[in-house]
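Inside the fold
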Amino acid sequence: MAKIRRPITMDERRAKATAWALTFADMVTLLLTFFVLLLVILNDAEQHIDMIINKLLDETYEELNKNIGSDQVSVDRVTKGIKITMRGNLFKSMSADVNPEVYPLLIEIGQIIRSSKIIGVHSNPNYKYLLDLIDNRGTSLNVEVRCEGHTDDLELPEESIFPSNWELSSARSLNFVRLLSNYSKMPQRIFSAMGYGEFRPIIDINKLRNNYQIVEARAQNRRVEIYLDAFIKDKIEFEM
């Protein structure tokens, strides 16, 4: 006797037609979970790297602040790393030549930076794990000493060899970089120089009316800022 097959209902047809969706949904959920975990791991690694770099910068900041702070020199821990601000009689009048009286201070700053852990991180075996972690991310640790020159708002006299305060501030910061590089014996590739002229004042002269305040403000605005910074950057790939 032949077995009579029961006709398939509409609900059964619908269930079979959509069965693949359950498997697909499970796969998507697993992939989403994987990527979330991957993001968490990468974020933890990035925070770990930043923590170590900031700790090294903090140690150097404490050393600099303890040894070179004065009325004419201030050391601050800033977002861009460590900022050393120098004022006073740093240069000869209307010139980019650094006054010899400033040399001992630059020598001391250079020696402290050179002996810091952040400068020697690439040769210190204690930080091999850190460097390997950075390298595995396709990035590298960049350490930089940058000098930024600033002038006041007074125009240069006609006999000046510099056409504007831009050139004067740039030449001054470049001379600072040369001296720091020579005294510290650190690689020239970690140094850079920039000049901003009168365009980044600390105190806005236009808001002052008292002549004494204006003179003092201009003295504050004339400065050289030395930054020591460390940051992660993408590796540069050179194609042959």
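Report follows, based on the coordinates. Since this is a predicted model, take the numbers as computed values, not measurements.

Concerning the side chain of Arg223
In this structure, Arg223 sits in strand S5 (residues 223-234). Polar side-chain contacts of Arg223 include one of 2.8 Å to the backbone oxygen of Arg200. A polar contact is formed between the side chain of Arg223 and the side chain of Glu225, at a distance of 2.9 Å. Other than its neighbours up to four places away in sequence, Arg223 contacts Thr85, Met86, Arg87, Glu148, Gly149, His150, Arg200, Pro201 and Ile202.

Examining a nonpolar patch on the surface
On the surface, Met27, Val28 and Leu31 cluster together into a nonpolar patch covering about 250 Å² of accessible area. Tracing the chain through its elements places Leu31 in helix H2 (residues 19-68).

Structural notes on the packing of aromatic side chains
One pass over the full model with this rule turns up 3 aromatic pairs. Look at Phe91 and Phe176: their rings are 5.5 Å apart centre to centre, the planes differ by 45 degrees, and that puts the pair in the tilted class. Of this pair, Phe91 sits in the loop between strand S2 (81-86) and helix H3 (103-114) while Phe176 sits in helix H5 (residues 165-184), and the two are 85 residues apart along the sequence. You can call Phe91 buried: its relative accessible area is 10%. Taking the centre distance of 5.2 Å and the plane angle of 50 degrees together, the rings of Trp166 and Phe199 count as tilted. Taken together, the positions of Trp166 in helix H5 and Phe199 in the loop between strand S4 (191-195) and helix H6 (211-221) put the pair 33 residues apart, joining distant regions of the chain. Look at Phe199 and you get exposed, because its relative accessible area is 53%. When the ring centre of Tyr227 is taken as reference, the NZ or CZ atom of Lys80 above it lies at 4.4 Å.

A short note on the environment of Asn165
Structurally, the position occupied by Asn165 is in helix H5. Note on Asn165: relative accessible area 6%, which makes it buried. Taking the C-alpha atoms as reference points, Asn165 and Phe199, separated by 34 residues in sequence, lie 9.3 Å from one another. Apart from residues no more than four positions distant in its own chain, Asn165 is found in contact with Thr151, Asp152, Leu154, Leu156, Gly197 and Glu198. Polar contacts involving the side chain of Asn165 include one to the main-chain carbonyl oxygen of Asp152, which spans 3.5 Å.

A short note on unusual backbone geometry
Positive phi values are uncommon outside glycine, yet Met94 reaches one of about 55 degrees. Tracing the chain through its elements places Met94 in the loop between S2 and H3. Not every positive phi belongs to a glycine, and Lys185 is a case in point at roughly 60 degrees. Looking at where Lys185 falls in the secondary structure, it is placed in the loop between H5 and S4.

So, the packing of H3 against H5
In a pair of packed helices, the angle between the axes and the distance between the axes together describe the arrangement. Taken N-terminus to C-terminus, the directions of H3 and H5 make an angle of 60 degrees; their axes are 8 Å apart at the nearest point. Between H3 and H5, the angle falls in the class oblique. Viewed along their axes, H3 and H5 form a crossing whose handedness is right-handed. Contacts between H3 and H5 pair Tyr103, Leu106, Ile107, Ile109, Gly110 and Arg114 from the former with Phe176, Leu179, Leu180, Tyr183 and Ser184 from the latter. Across the contact of H3 with H5, the residue classes break down as 8 nonpolar, 2 polar and 1 charged.

Details of H5
Over its 20 residues, H5 extends 28 Å from the first C-alpha to the last, a length consistent with the 28 Å expected when each residue adds 1.5 Å. Where H5 ends, the next residue or the one after it, Lys185, has phi of about 60 degrees, a positive value.

Reading the values: the criteria
- Residues numbered from 1 in each chain as written.
- Predicted model: local features only at pLDDT ≥ 70, side-chain atom pairs only at ≥ 80, totals over all residues.
- Heavy atoms only, no water.
- Helix = DSSP H or I, 4+ residues; strand = E, 2+ residues; numbered from the N terminus.
- Polar contact = N/O pair within 3.5 Å; in protein donor to acceptor, adjacent residues only side chain to side chain.
- Contact = heavy atoms within 4.5 Å.
- Patch = residues over 30% accessible without salt bridge, like charges linked within 9 Å, V, L, I, M, F, W, Y side chains within 5 Å.
- Areas by Shrake-Rupley, 256 points an atom, 1.4 Å probe, with all protein chains shown as cover.
- Salt bridge = Lys/Arg side-chain N within 4 Å of Asp/Glu carboxyl O.
- Phe/Tyr/Trp six-rings, centres within 6.5 Å; stacked < 30°, edge-to-face > 60°.
- Buried < 20%, exposed > 50% of the residue type's maximum accessible area, 1.4 Å probe, protein only.
- Lys NZ or Arg CZ within 6 Å of the ring centre and 35° of its normal.
- Axes fitted to C-alpha atoms, helices over the stretch in contact; angles between N-to-C directions.
- Parallel < 35°, antiparallel > 145°, perpendicular 65-115°, else oblique.
- Left-handed = near helix turned anticlockwise from the far one by under 90°.
- Nonpolar A, V, L, I, M, F, W, Y, C, P; charged D, E, K, R; others polar.
- Expected span 1.5 Å × (residues − 1).

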